[in-house]
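# Summary of the model geometry
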Amino acid sequence: MDNDLTIRAAIDTDREFIFGLSPRLAEVAGLPWHSDKAVQKMHDDYFAEVFANSSPLQATFIAEKGNEPLGFIHTRSHKDDVSGEACGTVPLLGVCPSAQGLGVGKALITAAEQWAKKQGYRLLHLEVFAHNDKAQGFYQNLGFETEILHMIKEI
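Here goes a summary of the coordinates provided. (Residues numbered from 1 in each chain as written. Predicted model: local features only at pLDDT ≥ 70, side-chain atom pairs only at ≥ 80, totals over all residues. Heavy atoms only, no water.)

Glancing now at the pattern of salt bridges. Applying the stated criterion to the full structure yields 6 salt bridges. A salt bridge links arginine 8 to glutamate 64, with the nearest nitrogen and oxygen atoms 3.1 Å apart. Residue arginine 8 is located in strand S1 (residues 5–9), and its partner glutamate 64 is located in strand S2 (residues 58–65); the two are separated by 56 residues in the primary sequence. For arginine 8, a relative accessible area of 22% translates into the label partly exposed. Connected through shared salt-bridge partners, Arg8, Asp14 and Glu64 make up one network. (Salt bridge = Lys/Arg side-chain N within 4 Å of Asp/Glu carboxyl O. Helix = DSSP H or I, 4+ residues; strand = E, 2+ residues; numbered from the N terminus. Buried < 20%, exposed > 50% of the residue type's maximum accessible area, 1.4 Å probe, protein only.)

Quick look at the structure:
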């Protein structure tokens, strides 16, 4: 990606863009025991709450080129499951399919890391759906490692 990629704080008018990526996020989750509609509702409900409750313990960033949004990331405070210390977490990251592979996701992760460091956090946590191999590879290439593996069984 060329140097004209901008990362900025999300504003209220970014709602349409963020919610517009929700069907794609649901599709790539690949959870056979949940419908895409259920996963999309989870994302939509989460972001509706984010927009309704601003807090200094969370931030959403938009990556854009010119005035065209290409991706978003949401980060917030989290309690580490192992140490109990406060850290940052990335509940959601979304990049337009046309912008994938161009460095947008990496720039957004960098913004989340900078936000977490500014909060005084030592760790940045994230969760990724187990069937989303592409996302797992992306995060591993950026230095993330598996810490706890949550498992589920449809009965």
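What follows continues from the structure just given.
Attention now moves to the environment of arginine 15. With respect to the helices and strands, arginine 15 occurs in helix H1 (residues 15–29). Separated by 2.7 Å, the side chains of arginine 15 and aspartate 12 make a polar contact. (Polar contact = N/O pair within 3.5 Å; in protein donor to acceptor, adjacent residues only side chain to side chain.)

Turning our eyes to something else, we now look at the sheet that holds strand S3 (residues 68–79). Reading across the sheet, the 5 strands line up as S1-S2-S3-S4-S5 and stay open at both edges, with mixed pairing between neighbours. Every other strand in the sheet has two partners, leaving S1 and strand S5 (124–126) as the edge strands with one partner each. Averaged over all neighbouring strand pairs, the angle between strand axes comes to 30°, with direction disregarded. Across 3 bridges, the pairing between strand S4 (residues 86–95) and S5 is parallel. By the bridge assignment, threonine 89 is partnered in S5 with histidine 125. Across the face of the sheet, H1 comes into contact with S2, S3 and S4 while running at roughly 80° to S3. (Pairing = 2+ DSSP bridges. Axes fitted to C-alpha atoms, helices over the stretch in contact; angles between N-to-C directions. Contact = heavy atoms within 4.5 Å.)

Before going further, it helps to spend a moment on the packing of aromatic side chains. This structure, assessed with the given rule, holds 7 aromatic pairs. Between tyrosine 46 and phenylalanine 47, the ring centres sit 5.9 Å apart and the planes meet at 85°, which makes this aromatic pair edge-to-face. The class for tyrosine 46 is partly exposed, based on a relative accessible area of 24%. (Phe/Tyr/Trp six-rings, centres within 6.5 Å; stacked < 30°, edge-to-face > 60°.)

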